[in-house]
Amino acid sequence: MADARYVLAVDQGTTSTRAIVFDAAGNGLATAQREFSQHYPERGWVEHDPEVIWRDTLETMRAALAESGLHASAIAGIGITNQRETVVVWDRETGVPVHRAIVWQDRRTADVCAALRDAGHEPEVRAKTGLLLDPYFSATKVAWILDHVEGARERAEAGALAFGTIDSFLLWRLTGGRVHATDPTNAGRTLLYDIRADRWDTDLCKLFRVPMAMLPLVHDNSHVFGHTAPGLFDAAIPIAGIAGDQQAALFGQACFSAGMAKATYGTGCFLLLNTGSEAELSDDKLLATPAYRLAGKTTYALEGSIFVAGAAIKWLRDGLGVIAHASETSGLATGVPDSHGVYMVPAFVGLGAPHWDPDARAAIFGLTLDATGAHLARAALEAVAYQTMDLVDAMIAGGADRPATIRIDGGMAANDWLCQFIADMLGVTVERPAHLETTALGAAFLAGLAMGVWRDLDTLAGLVRATDRFVPAMADDRRAELRRGWHAAISRTLTTRDQSRG
Ligand SMILES: Nc1ncnc2c1ncn2[C@@H]1O[C@H](COP(=O)(O)OP(=O)(O)O)[C@@H](O)[C@H]1O
Ligand SMILES: O=P(O)(O)OC[C@H](O)CO
């Protein structure tokens, strides 16, 4: 529709689902958000209910649209962005999932990954996918469902079951079961996708025992994937953009040139550095991953993945009851001069980059009888910065230049004290945009590009501006002292299996 100038983005994250209506200037006009339940059926397992995710997605999309006062026909396109790697397997006939979604944080397949590593498969897997053999990624979770749900493997081989990451499942539901597709940023996190050849890999599917008949088609990130089914909205809306949430944030931060980096602080923290048209695989334990594919041309990123950032704050709130709201951590952290020697290593679901230790578990070091909740809150925030520092160190050790600035976003980036502490520990200027919803904005950009709301990347870059800058200010000896304390705590948390991996 020629006068449709707005874009509706849905950001299906690990802890909440939100929908935002953006105008052509990139302003968020209306937002709706729902937090949803996490299921922890066993130690180290994390599951989501796909029906709740679908219900929340539809409700937040409808609520944001209603709040904006716009008719559905004014929406040029829908952009979907999502928690990545999380696995849904559903019946193609009924659309019903055969199991709860197994979440990216779930560690149940750690032994399978270790066995594949011991059998010498990691170099081949890494060369093709840019990833590592870790339970974080989708493939072993898909196989787990096929092996544990009665009859699933046979039905999958016969083509009766579909696998998708959350984007793919939502696309399926939004199109009324007509479209089974995804994009390279999500496909590239499964361990089944050759990121340079840009296709599902037959050998990897055999290795991980995932039938190819289950896999979605892979299209460019900015592409008309399909239209919403009759009855969902007052008009059929094209679904015109899809990207995994971390790549969407890179896009929403307009990190379009090689060397530009962003870090998103949500449940986890993910630092992505644009590496241009090359997928760079160095020996630094970071990941090579598609950043976006436009008109058939892929731009890649180097990624450092931290599994727990805001999740540690959520634990302080829900697990310990030390705080009632995440935002209280700011006042607590500034109310004490330091963490009083307390270090928290938030390995609640193992450790991601650069350690890749699925068996590590969280630990708190340095407690004395006069330690308080404020020290704990401060240690939880500090750990987020220390982990980011380790990622930047790994990038530099792998041959990358220290980025001049890092653009940050995500729920935790609202915390000014944390932003300054990150700048201090990284020795890098941290830039924060006025609106922290850059993940949703990135999905909106992708959809709007496909529908002609925006012409090109330069137009998008012109819409993105940093409003806050945090410049490193900490004395070198203080930074060195904190680094030492953190590295001592980390080395006491790692398990033997990780250390043997070198
Ligand atoms: N002011 C704050 N200080 C510290 N942490 C915060 C603050 N506000 C939100 N958070 C944390 O940020 C996370 C929410 O960020 P969000 O980007 O919505 O996450 P996700 O997309 O992963 O669900 C939660 O884990 C919450 O505890
Ligand atoms: O839910 P988030 O925003 O922490 O993102 C989760 C990541 O996509 C996992 O890889």
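About the thresholds
Residues numbered from 1 in each chain as written. Chains lettered and ligands numbered in written order. Predicted model: local features only at pLDDT ≥ 70, side-chain atom pairs only at ≥ 80, totals over all residues. Near = placed C-beta within 6 Å. Nonpolar A, V, L, I, M, F, W, Y, C, P; charged D, E, K, R; others polar. UniProt positions renumbered as here; feature names shortened; annotations may be inferred. Contact = placed C-beta atoms within 7 Å. Buried ≥ 20, exposed ≤ 12 C-beta atoms within 10 Å, placed from the backbone. Pairing = 2+ DSSP bridges. Helix = DSSP H or I, 4+ residues; strand = E, 2+ residues; numbered from the N terminus. Axes fitted to C-alpha atoms, helices over the stretch in contact; angles between N-to-C directions. Core = buried A, V, L, I, M, F, W, Y, C linked by C-beta atoms within 7 Å. pLDDT = per-residue confidence, 0-100.

## Quick word on the site of ligand 2
Around ligand 2 sit Gly 13, Thr 14, Gln 83, Arg 84, Glu 85, Trp 104, Gly 244, Asp 245, Gln 246, Gly 266, Thr 267 and Gly 268, and that is every residue in its neighbourhood. Of the residues contributing to the shell around ligand 2, the split by class is 1 nonpolar, 8 polar and 3 charged.

## A word on the UniProt feature "binding site: glycerol" (unreviewed entry) in the chain
Those residues carrying the UniProt feature "binding site: glycerol" (unreviewed entry) are Arg 84, Glu 85, Tyr 136, Asp 245 and Gln 246 in this numbering. For Glu 85, the residues in contact, after removing those within four places along its chain, are Trp 104, Tyr 136, Phe 137, Ser 138, Thr 165 and Arg 189. Residue Asp 245 is classed as buried on the basis of its C-beta count, with 31 C-beta atoms lying within 10 Å. The residues contacting Asp 245, other than those within four sequence positions of it, are Asp 11, Gly 13, Thr 81, Asn 82, Gln 83, Arg 84 and Thr 439.

## Some words on the sheet that holds strand S15 (residues 261-265)
Judged by pairing direction, the sheet is mixed, and its 7 strands sit side by side in the order S17-S18-S16-S15-S21-S22-S23 without closing on themselves. Each end of this open sheet is capped by a strand with a single partner; those strands are strand S17 (287-294) and strand S23 (466-470). Neighbour to neighbour, the strand axes of the sheet diverge by 30° on average, direction disregarded. Inspection of the sheet shows strand S21 (residues 405-409) paired to strand S22 (residues 429-433) by 3 bridges, in the parallel sense. Among the inter-strand pairings, Thr 405 is bridged to a residue of S22, identified as Thr 429.

## Examining the site of ligand 1
The local shell around ligand 1 holds 19 residues, among which Gly 13, Gly 266, Thr 267, Gly 310 and Gly 411 are the closest. For the shell around ligand 1, the secondary-structure elements that each account for two or more residues are helix H10 (310-320) and helix H11 (328-334). Looking at side-chain class alone, the shell around ligand 1 contains 5 nonpolar, 13 polar and 1 charged residues.

## Overview of the nonpolar core
In this structure, Val 7, Leu 8, Ala 9 and Ala 380 are the most contacted members of the largest nonpolar core, which totals 166 residues. The dominant element in this core, judged by the number of residues it contributes, is helix H12 (residues 373-397), at 15 residues. Excluding its chain neighbours within four sequence positions, the residues that come into contact with Leu 8 are Ala 19, Val 21, Met 61, Ala 64, Leu 65, Ile 75 and Ile 78.

## Re the UniProt feature "binding site: sn-glycerol 3-phosphate" (unreviewed entry) in the chain
The UniProt entry lists Thr 14, Arg 84, Glu 85, Tyr 136 and Asp 245 under the feature "binding site: sn-glycerol 3-phosphate" (unreviewed entry), expressed in the numbering used here. Tracing the sequence through the fold places Arg 84 in the loop between strand S5 (75-82) and strand S6 (88-91). By C-beta crowding, Arg 84 is classed as buried, having 27 other C-beta atoms within 10 Å. For Arg 84, the contacting residues outside a window of four places in its chain are Trp 104, Thr 165, Asn 186, Arg 189, Gly 244, Asp 245 and Gln 246.

## Considerations on the confidence of the model for the chain
Scored by pLDDT, the chain has a mean of 94; 98% of the residues are at 70 or more. Every residue in residues 498-502 scores below 50 in pLDDT, and together they form 5 contacts with partners more than four places removed in sequence or on other chains. Per the prediction output, this complex has pTM 0.93; the corresponding ipTM is 0.96.

## Notes on the environment of Thr 299
Considering the arrangement of structural elements, one finds Thr 299 in strand S18 (residues 297-306). Given 24 C-beta atoms within a 10 Å radius, Thr 299 is considered buried. For the pair Thr 299 and Phe 256, spaced 43 residues apart in sequence, the C-alpha to C-alpha distance is 8.7 Å. Setting aside residues up to four positions removed in sequence, Thr 299 forms contacts with Asn 274, Gly 276, Ser 277, Ala 291 and Tyr 292.

## With respect to helix H6 (residues 166-174)
Counting along an α-helix, one turn takes 3.6 residues, and residues three or four places apart therefore face a common direction. The buried count for H6 comes to 9 of 9 residues, which makes it a mostly enclosed element. Those residues of H6 that fall on the buried side of the exposure criterion are Ile 166, Asp 167, Ser 168, Phe 169, Leu 170, Leu 171, Trp 172, Arg 173 and Leu 174. Gly 176 sits one or two positions beyond H6 and adopts a positive phi of about 65°.

## Some thoughts on the sheet that holds S5
Strands belonging to one sheet form pairs held by backbone hydrogen bonds; the direction of such a pair is parallel or antiparallel. In spatial order, the strands read S3-S2-S1-S5-S14-S13; together these 6 strands make up an open sheet with mixed pairing. Of all strands in the sheet, those bounded by a partner on one side alone are strand S3 (28-35) and strand S13 (222-227). Across the sheet, the mean angle separating the axes of adjacent strands is 25° when strand polarity is ignored. Both S13 and strand S14 (residues 238-244) contribute to a ladder of 3 bridges, which runs antiparallel. The residue bridging His 227 from the neighbouring strand is Pro 238, located in S14. Those strands touched by H6 are strand S1 (6-12), S5, S13 and S14, and its axis lies near 145° from that of S5. In the packing of helix H9 (residues 245-252) onto the sheet, contacts are made with S1, S5 and S14, and the angle to S14 comes to roughly 105°.

## Notes on unusual backbone geometry
At the junction of Ala 353 and Pro 354, the peptide bond is cis and its omega measures out at -5° in the coordinates. Position of Pro 354 among the secondary structure elements: in the loop between strand S19 (343-345) and strand S20 (363-365).

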